[in-house]
Amino acid sequence: MTDLDVQTLRTAYDNQLRPEIPDPVPAGVTVERDGPLVRISGLDAGGFITYRDLGGLTGDALDELIARQVRLCRERSESAEWKLNEHDEPADLADRLRAAGFVPEDRETVVVGPVAPLAAALPVAPEGVRLREVTSREDLERIAAMEEEVWQEDRSHLVWGLAKEIDADPNSITVVVAEADETVVSAGWVRFPANTGFATMWGGSTLPQWRRRGIYRALVNYRARLAEQRGRTLMQVDCSEDSRPILERLGLVPITTTTPYVYTP
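This one's a predicted model, so the numbers in the text were calculated from it and none came from an experiment.

Asks: Could you give an account of the pairing of strand 6 (residues 108-114), with specific residues and numbers?
Replies: Burial analysis of strand 6 places five of its seven residues in the buried class, which makes it a mostly covered element. With five bridges joining them, strand 6 and strand 12 (residues 253-263) adopt antiparallel strand pairing. By the bridge assignment, Thr 109 is partnered in strand 12 with Thr 257. The sheet contact formed by strand 6 and strand 11 (residues 234-239) spans six bridges and is antiparallel. If you follow Pro 114 over to strand 11, its bridge partner there is Leu 234.

Here it is, written out as structure tokens:
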């Protein structure tokens, strides 16, 4: 891909996917606006701060906007994740977030690419593994248990967060598990943001003993087929360094990086 292609994909990502607001908004989820920011609560373990851009805010005005988010976290005893993309302005935004008490977590790479080539490949799971679409709370609890084994931390928010999205609009998200006998060995979900040409992929954690067998790639191809069936032409993923090489080999292109800055009162 040329630089122009990367810029075109980044512009599509900015214009169509940002800010990341669920549509429809699930029951129990609140969406609040503060200037250029959108704050979403009730869908994850804490709040989530998203935006298209900051409207040119700099200096003291930007510090006050950040300080208001900190005050809300303290008032509500709720953490908040500010998703900072590498190309966001101003250039010193990360420094201002850190000064206000936000702590950076692991950086991920945002990759975007055409759906068609991904969907053209058969989603072939290794022998003994099957892919299955799920909606039940029991299956969501099995996914959370698998992720807790992988990450050694509480993942219970996945159960009620995904359940809220499915209940609000089952056509806006599809959850897929990879199973070996009765064991969930991996899982991923694909969202179909309203009024865009995008599908977005999430999850993909795999039990250590089941890695390097093509399960993640099979989940990617499966979800790409779902995206193509819905007429989506572009796929977007926030990916770790583990999955990035796989996604690049499949034709997705790095367009920026994203780092979650988390404030915990």
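Next, the rest of the story.
Asks: Which residues make up unusual backbone geometry, and what values go with them?
Replies: Arg 18 connects to Pro 19 through a cis peptide bond whose omega is -5 degrees. With respect to the helices and strands, the residue Pro 19 is situated in the loop between helix 1 (3-17) and strand 1 (30-34). Of note, the amide linkage connecting Glu 89 to Pro 90 takes the cis form, showing an omega dihedral of 5 degrees. By secondary structure assignment, the location of Pro 90 is in the loop between strand 4 (80-85) and helix 3 (93-99). One non-glycine residue, Gln 152, lies in positive phi territory at about 55 degrees. Residue Gln 152 is classed as exposed on the basis of its relative accessible area, which comes to 65%. Backbone geometry at Arg 212 places phi at a positive 65 degrees, although glycine is not the residue there. Note that Arg 212 resides in the loop between strand 10 (198-206) and helix 7 (215-229). Note on Arg 212: relative accessible area 86%, which makes it exposed.

Asks: Describe the environment of Pro 19, listing the residues and the values that go with them.
Replies: Using a relative accessible area of 26% as the deciding quantity, one classes Pro 19 as partly exposed. It is 4.9 Å that separates the C-alpha atoms of Pro 19 and Arg 52, two residues lying 33 residues apart in sequence. What Pro 19 contacts, discounting residues up to four positions off in sequence, is Val 38, Thr 50, Tyr 51 and Arg 52.

Asks: Residue-level account of the domain arrangement of the chain, with values.
Replies: Here the chain is partitioned into domain 1 (6-108) and domain 2 (112-257). Using only C-alpha atoms to locate each centre, domain 1 and domain 2 end up separated by 24 Å. Listed per partner, the contact involves 25 residues of domain 1 and 26 residues of domain 2. Taken as a group, Leu 9, Leu 17 and Glu 108 account for 28% of the area that domain 1 buries against domain 2, more than any other trio of residues on that side. Here domain 1 is connected to domain 2 by one salt bridge. Lys 83 is paired through a salt bridge with Asp 238; the nearest N and O atoms lie 2.8 Å apart. Put simply, domain 1 and domain 2 have eight residue pairs in polar contact (both at pLDDT 80 or more) between them.

Reading guide: rules and limits
Residues numbered from 1 in each chain as written. Predicted model: local features only at pLDDT ≥ 70, side-chain atom pairs only at ≥ 80, totals over all residues. Heavy atoms only, no water. Buried < 20%, exposed > 50% of the residue type's maximum accessible area, 1.4 Å probe, protein only. Helix = DSSP H or I, 4+ residues; strand = E, 2+ residues; numbered from the N terminus. Pairing = 2+ DSSP bridges. Contact = heavy atoms within 4.5 Å. Domains from an automatic or database assignment. Buried area = accessible area lost by both parts, 1.4 Å probe. Salt bridge = Lys/Arg side-chain N within 4 Å of Asp/Glu carboxyl O. Polar contact = N/O pair within 3.5 Å; in protein donor to acceptor, adjacent residues only side chain to side chain.

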